[in-house]
Amino acid sequence: MKKKIALVSAIIIAAPMLYSFCGFYVSKADTTLKNKTSQVILVRDGNRNVITMYNDFKGDTKDFAMVVPVPVTLQKSDVKVVDQGLFQRLNDYSAPRLVEYYDENPCDGSYKRKDFSSNMASIKSVSLGSVNEDKAEREYHVKVEAQYIVGEYDIIILSAKESNGLKNWLTDNGYKIPKGAEEVLDPYIKSNLKFFVVKVNEAEKKKLPGNFLRPIQISFNSPKFMLPIRLGMANADGDQDLIVYAFTKKGRIECTNYRNVNIPTGNKIPLFVQKNFGAFYDNLFTYQWNKENQDVSFLEYAWDVSPQNFMKCDPCIATAPSEQDVVQAGVWWLNKDWTDYSDVNEQEEGDGTSPNVHFTRLHFRYNRNHFAQDLMFQVTPNKENYQARYVITHPATGSFTCDAGKKYLQDLKKRRRGELNELTALTGKDIETWQNMAEVKNDGENVKDAAYASLIDQSKEERQSGNRSIAGFVLLGAAVLGTGAFMRSKGIV
């Protein structure tokens, strides 16, 4: 079968993406911000970490701040702002993808080639001012470790001896703390973490074009490789999604305190899914998440994106991240002065100047009842390529009057029934759920006898028949075991 691949990006989450993965919003007056979906970039080698946090909140930015726990006192040189387009480029490139194949008509051998360029779908993808340090420590047991301006942000680094003190400091400085924040602040204070408090500097923001805030990037050394998500649950509204883009020298990252599962990939699904791939993948992810008891780390993409590696995906749905993108994401070893080897990981002797970069995309969905712990990670030596991809196949066109053509139509019907069954298995949705989509005619298709809408009943019968067969085997097995037990009780065997 000749084939050509067309690429369609997935709409992973329809909710607004908020800068919220490891902290909570604090707000003035009665304004409430809810955390739904977050994106974060992690870069890790040895004990060095670079974390970039994406923000995309709506409303009047002068009224909002955010609190993030960090393991050390960050200096101004440890904080920077980056181009927010970096996150879009990483998401576009690593998102689950749809792959198209085209059948050839066996009667004439013709193969209709097509321009696929139109098939690319887009991803639906206040000043704190000077702080009185003596008063903060004396009245609130809160110490101001550092304060400075970076880009459009005022930043204060705080340490605290008790959650009440930190809560009262924030409240007395005009911020309304989310209900439950005190409870989740306490473990971080007991662990001697600092608090990175960020607020928009309106004067600096006005100097920037457009009404948006750039992502913040922080760098620090710590033996712990983690994301403190518990604090972000303080003002969570139901389930939250987190997309992690990670870069390392050695290989994939994986979660160490929750199970790691590969999202299903390579499945053949009905052609009509192309018209609403985002809804398909959202149903698939939700169903798989529930099947895994809602406490799992899903792998959606892993690949070697080193500058010297020209094959960075198969297929690619967008331009692979450039060396400039990767360096901006925090991969310092690509932009390193190699006269200084002080931060080279001791376990990588002989690999001192290696420009290796491995990219992992993990997808989490969490809430207060699941994921009671912060996310802990490790870098692994696993360099195996992986990507979430789903396959649709366009039928051949033309006449099918030859014997091979008639057989092709029979095989097409069988294949399409299998695709319908696969759709149900992946999403957990009854086949009737897809009835309306199945009835929409696909462009250029003329195989009426093999139309999906006409095959739904047969597909449903096949699934029911399969379930009856499984139930029959279970009953037969139970009967055999029961008979054996009866015979043993009577001394027959």
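Since we're looking at a predicted model, the values are computed, not measured.

What am I meant to see in the pattern of salt bridges here?
Summed over all chains, the structure comprises 15 salt bridges. R365 is the partner of D241 in a salt bridge, and the nearest nitrogen-oxygen pair spans 3.0 Å. Of this pair, D241 sits in strand β13 (residues 236-248) while R365 sits in strand β18 (residues 358-366); the two residues are 124 residues apart in sequence, bridging distant segments of the chain. Of the two residues, D241 and R365, neither departs from the other in class, the shared state being buried. Put simply, R415 and E419 hold a salt bridge, and the shortest N to O gap is 3.6 Å.

Quick question: what am I supposed to make of the sheet that holds strand β14 (residues 253-255) here?
With antiparallel pairing, the three strands of this open sheet are ordered in space as β12-β19-β14. Sheet topology places β12 (226-227) and β14 at the edges, where each strand pairs with a single neighbour. Bridge count between β12 and strand β19 (residues 375-379): two bridges; the pairing is antiparallel. Its bridge partner being in β19, M226 is matched across the sheet by M376.

Explain the pairing of strand β9 (residues 153-160) here, please?
Consecutive residues of a regular strand have side chains that alternate between opposite faces of the sheet. Most of β9 is tucked away: eight of the eight residues are buried. Going residue by residue along β9, you find Y153, I155, I157 and S159 tucked away on one face and D154, I156, L158 and A160 tucked away on the opposite face as well. Taken together, the eight bridges between strand β8 (residues 142-150) and β9 define a ladder with antiparallel strand orientation. Note that in β9 the partner of V150 across the bridge is Y153. The pairing of β9 with strand β10 (residues 194-200) spans six bridges and is classified as antiparallel. Within the sheet, the bridge partner assigned to D154 lies in β10 and is K199.

Please explain unusual backbone geometry as it appears in this structure.
In terms of backbone geometry, most residues other than glycine have negative phi values and most peptide bonds are trans. Residue D314 is joined to P315 through a cis peptide bond whose omega torsion reads 0°. Inspection of the secondary structure puts P315 in the loop between β17 (296-304) and α7 (323-328). At N293, a position not held by glycine, the phi torsion is positive, near 65°. Residue class for N293 comes out exposed when judged on its relative accessible area of 53%.

Teacher, can you tell me more about the state of the cysteines here?
Where two cysteines share a covalent bond between their sulfur atoms, that bond is called a disulfide. Scanning the entire structure with this criterion turns up two disulfides. Disulfide pairing places C107 opposite C402 at an S-S distance of 2.1 Å. The sign of the S-S torsion, about -90°, decides the handedness of the disulfide formed by C107 and C402: left-handed. By relative accessible area, which is 29% here, C107 ends up partly exposed. For C313, the disulfide goes to C316, at an S-S distance of 1.6 Å. The sign of the 95° torsion about the S-S bond sets the C313-C316 disulfide as right-handed. The class of C313 is buried, set by a relative accessible area of 3%. Assigning the bonded cysteines of the protein chain consecutive numbers by sequence position, one obtains the connectivity 1-4, 2-3.

Just checking my understanding: could you explain empty space enclosed by the protein for this structure?
Unoccupied space between atoms shows up once a probe the size of one water molecule is rolled over them. Roughly 40 Å³ of internal volume is contained in the second largest cavity. If you go around the second largest cavity, the residues you meet are G251, R252, A302, W303, D304, H358, F359, T360, N382, K383 and E384. A class-by-class count of the residues in the lining of the second largest cavity yields three nonpolar, four polar and four charged.

Reading the values: rules and limits
- Residues numbered from 1 in each chain as written.
- Predicted model: local features only at pLDDT ≥ 70, side-chain atom pairs only at ≥ 80, totals over all residues.
- Heavy atoms only, no water.
- Salt bridge = Lys/Arg side-chain N within 4 Å of Asp/Glu carboxyl O.
- Helix = DSSP H or I, 4+ residues; strand = E, 2+ residues; numbered from the N terminus.
- Buried < 20%, exposed > 50% of the residue type's maximum accessible area, 1.4 Å probe, protein only.
- Pairing = 2+ DSSP bridges.
- Disulfide = S-S within 2.5 Å.
- 1 Å grid on protein atoms, 1.4 Å probe; cavity = no way out; pocket = protein on both sides within 12 Å on 5 of 7 lines; lining within 4 Å.
- Points joined across faces, edges and corners; volume = space filled by probe spheres on them.
- Nonpolar A, V, L, I, M, F, W, Y, C, P; charged D, E, K, R; others polar.

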